Structure formats: structure tokens, C-alpha cells
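Each chain, letter by letter, is given below.
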Amino acid sequence: TGADVFSYEPGSNYLSVATAAEVLTVNGTDTITDFTTAQNDMLSVSSLLQADTGFYEERAFVSGTAASIAAAPGNNNVIVVTNVQTGTGGSMTLAEVDALIATLSISTGSGTLLVNNNGTVQLYYDSNLGNAGGASDVALIGIITTPGIAADLVNITAANIPEPAG
């Protein structure tokens with residue numbers, strides 16, 4: 001009971017955008033079994049949001065179907081895709097996730113994608129959102145296995161992705 005906060009860090013170099021490998025090394029891939037919007041749980045990814053200059057950026061949250069977001073991609077750095085996405089072999093590969101993110105944001109900085117990847121809700125970090133640079137730009141940092149989470153994606157708002165304190 002009560003709000004849980006799941007936090008992610010960029011690594012030791014705070015003067016430049018963290019690579020996907022650095023973020024994966026620091027955070028690993030968490031399995032989250034009890035994330036729910038009904039309890040106001042939060043994914044604290046604000047320290048992962050950096051401009052291409054390395055300076056931290058404010059959260060630019062967007063949520064919707066992949067098609068609706070891609071129709072007018074903005075400088076989004078926290079993206080929640082509410083419909084199921086699949087890859088050529090079923091689940092999307094890291095390269096396919098990176099290509100999807102590049103259609104959803106024009107940001108040249110880093111950020112996150114929360115998506116239902118062929119039935120599994122996953123949280124990804126991308127070091128250069130608006131550029132489809134391939135699998136090495138992306139890290140899987142969270143798998144959310146809470147029962148009903150796929151249907152709950154539509155209820156995730158900016159309040160579930162807090163701005164940094166201060």
C-alpha cells in the first residue's frame with residue numbers, strides 16, 4: 001500500500017549523455033511486480049533526461065498510441081505507448097525499439113519509452129531519442145509484470161513520472 005518510487009540513474013558521468021551501456025551497467029534490468037497507477041506509483045527517470053549537451057532537461061511527457069504520437073512527434077523525452085507493439089519476429093528487438101522511438105520524438109537528447117512489447121510491458125532508455133542509431137543506443141531497464149499493467153498503460157500520466165526535486 002502507498003506509492004512506490006522506482007528510480008533510475010545515468011551512471012558516473014554527469015557531464016554528458018549516458019550511453020545505453022552505462023545506464024544498463026548502473027541499473028540492470030529491473031523486474032517490477034507491483035507498479036500500479038491506482039496507488040500513484042512512480043517511475044523516477046528524471047536523471048536520465050539529458051540534452052545532447054549533457055545538461056539535464058525537464059520532462060517532456062507524451063502518451064498515446066504509437067500512430068498518434070508519430071503523427072506529430074515533438075521534443076518528447078518520456079514516452080508511453082498505450083497500444084501493443086510487435087517486431088518482425090514477435091517481440092521487438094533493441095534495434096526495432098530504437099527505430100520506433102525515432103518515429104516518436106525529435107529530441108536529440110536521452111529519454112525513456114514505456115511500451116507493451118508483444119505482451120510484456122517494458123521500460124527502455126535511449127541515448128539519442130530522435131536518431132535511429134541501432135541497438136547500441138537502447139537499453140532495457142525495466143520489465144513490469146504487475147497483473148493488468150498492459151491495460152493500465154492508458155492511465156499513466158506525467159504524475160507517475162516525477163520531475164526532479166528542487
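This text follows the structure it describes.
Residues numbered from 1 in each chain as written. Predicted model: local features only at pLDDT ≥ 70, side-chain atom pairs only at ≥ 80, totals over all residues. Heavy atoms only, no water.

Colleague: Please set out the sheet that holds strand 8 (residues 138-144) residue by residue, giving values where relevant.
Modeller: Across a sheet, strands are paired by hydrogen bonds formed along the backbone, either parallel or antiparallel in direction. Read across the sheet, six strands follow the order 2-8-7-6-5-4 without closing on themselves; strand pairing throughout is mixed. The sheet is open, and its two edges are formed by strand 2 (30-32) and strand 4 (61-64), each paired on a single side. When the angles between neighbouring strand axes are averaged without regard to direction, this sheet yields 20°. Pairing geometry for strand 5 (residues 78-81) and strand 6 (residues 111-117), over three bridges, is parallel. Bridge pairing in strand 6 places Ile 79 opposite Leu 113. (Pairing = 2+ DSSP bridges. Helix = DSSP H or I, 4+ residues; strand = E, 2+ residues; numbered from the N terminus. Axes fitted to C-alpha atoms, helices over the stretch in contact; angles between N-to-C directions.)

Colleague: Before we move on, could you go through unusual backbone geometry and cite the residues and values that matter?
Modeller: Backbone geometry at Asn 40 places phi at a positive 60°, although glycine is not the residue there. Structurally, the position occupied by Asn 40 is in the loop between strand 2 and strand 3 (42-44). The backbone phi angle of Asn 118 is positive, close to 55°, even though this residue is not glycine. As for its placement among the helices and strands, Asn 118 is situated in the loop between strand 6 and strand 7 (120-126). For Asn 118, a relative accessible area of 36% puts it in the partly exposed group. (Buried < 20%, exposed > 50% of the residue type's maximum accessible area, 1.4 Å probe, protein only.)

Colleague: So what's going on with the pairing of strand 8? Which residues, and what values?
Modeller: Judged by how many residues are buried, strand 8 sits mostly within the fold: six of seven residues are covered. Two elements, strand 2 and strand 8, share three bridges in a ladder whose sense is parallel. Note on strand 8: the bridge partner recorded for Asp 30 is Gly 142. Two elements, strand 7 and strand 8, share six bridges in a ladder whose sense is antiparallel. Bridge pairing links Tyr 124 to Leu 140 in strand 8.

Colleague: Would you mind going over the side chain of Ser 107 in detail, with residue names and values included?
Modeller: In this fold, Ser 107 is placed in the loop between helix 3 (94-104) and strand 6. Since its relative accessible area comes to 2%, Ser 107 is described here as buried. A polar atom in the side chain of Ser 107 sits 3.0 Å from the backbone nitrogen of Gly 109. In this structure Ser 107 touches Glu 57, Gly 74, Asn 75, Asn 76, Asn 128, Leu 129 and Gly 130, once residues within four positions along its chain are discounted. (Polar contact = N/O pair within 3.5 Å; in protein donor to acceptor, adjacent residues only side chain to side chain. Contact = heavy atoms within 4.5 Å.)

Colleague: Residue-level account of the packing of aromatic side chains, with values.
Modeller: A full pass over the atoms with the stated rule returns one aromatic pair. Here Phe 6 and Phe 35 contribute two aromatic rings whose centre-to-centre distance is 6.2 Å and whose plane-to-plane angle is 50°, an arrangement assigned as tilted. Here the residue Phe 6 occupies a position in strand 1 (residues 5-7), and Phe 35 occupies one in the loop between strand 2 and strand 3, the gap between them amounting to 29 residues. Overall, Phe 6 belongs to the buried group, its relative accessible area being 17%. (Phe/Tyr/Trp six-rings, centres within 6.5 Å; stacked < 30°, edge-to-face > 60°.)

Colleague: Please set out helix 3 residue by residue, giving values where relevant.
Modeller: When helix 3 is considered as a whole, its buried residues turn out to be Val 97, Asp 98, Leu 100, Ile 101 and Leu 104. For helix 3, the buried positions fall inside an angular range of 160° around the axis, keeping them on one side. Next to the buried residues of helix 3 lie helix 2 (66-70), strand 5, strand 6, strand 7 and strand 8. (Arc of directions from axis to C-beta.)

Colleague: Before we move on, can you summarise the nonpolar core with the specific residues and values?
Modeller: The tendency in soluble globular proteins is for nonpolar side chains to be buried side by side. Within the largest apolar cluster, 25 residues are counted, with the highest numbers of intra-cluster contacts made by Leu 43 and Leu 114. Secondary structure elements with two or more residues in this core: helix 1 (20-27), strand 5, strand 7 and strand 8. The residues contacting Leu 114, other than those within four sequence positions of it, are Leu 43, Ile 79, Val 80, Val 81, Val 121, Gln 122, Leu 123, Ile 144, Leu 153 and Ile 156. Listed in part, the 16 residues of the second largest apolar core include Val 62, Ala 66, Met 92 and Leu 129. (Core = buried A, V, L, I, M, F, W, Y, C linked by side-chain atoms within 4.5 Å.)

Colleague: Quick rundown of empty space enclosed by the protein? Include the residues and the values.
Modeller: The full count for this structure, using the stated rule, is one cavity of 30 Å³ or more. Counted as a void, the largest cavity has a volume near 30 Å³. Around the largest cavity sit Leu 43, Val 45, Val 78, Ile 79, Val 80, Thr 112, Leu 113, Leu 114, Leu 123 and Ile 161, which together line it. Where the lining of the largest cavity is concerned, the elements lending two or more residues are strand 5 and strand 6. Here the residues of the lining of the largest cavity are counted per class, giving nine nonpolar, one polar and no charged. (1 Å grid on protein atoms, 1.4 Å probe; cavity = no way out; pocket = protein on both sides within 12 Å on 5 of 7 lines; lining within 4 Å. Points joined across faces, edges and corners; volume = space filled by probe spheres on them. Nonpolar A, V, L, I, M, F, W, Y, C, P; charged D, E, K, R; others polar.)

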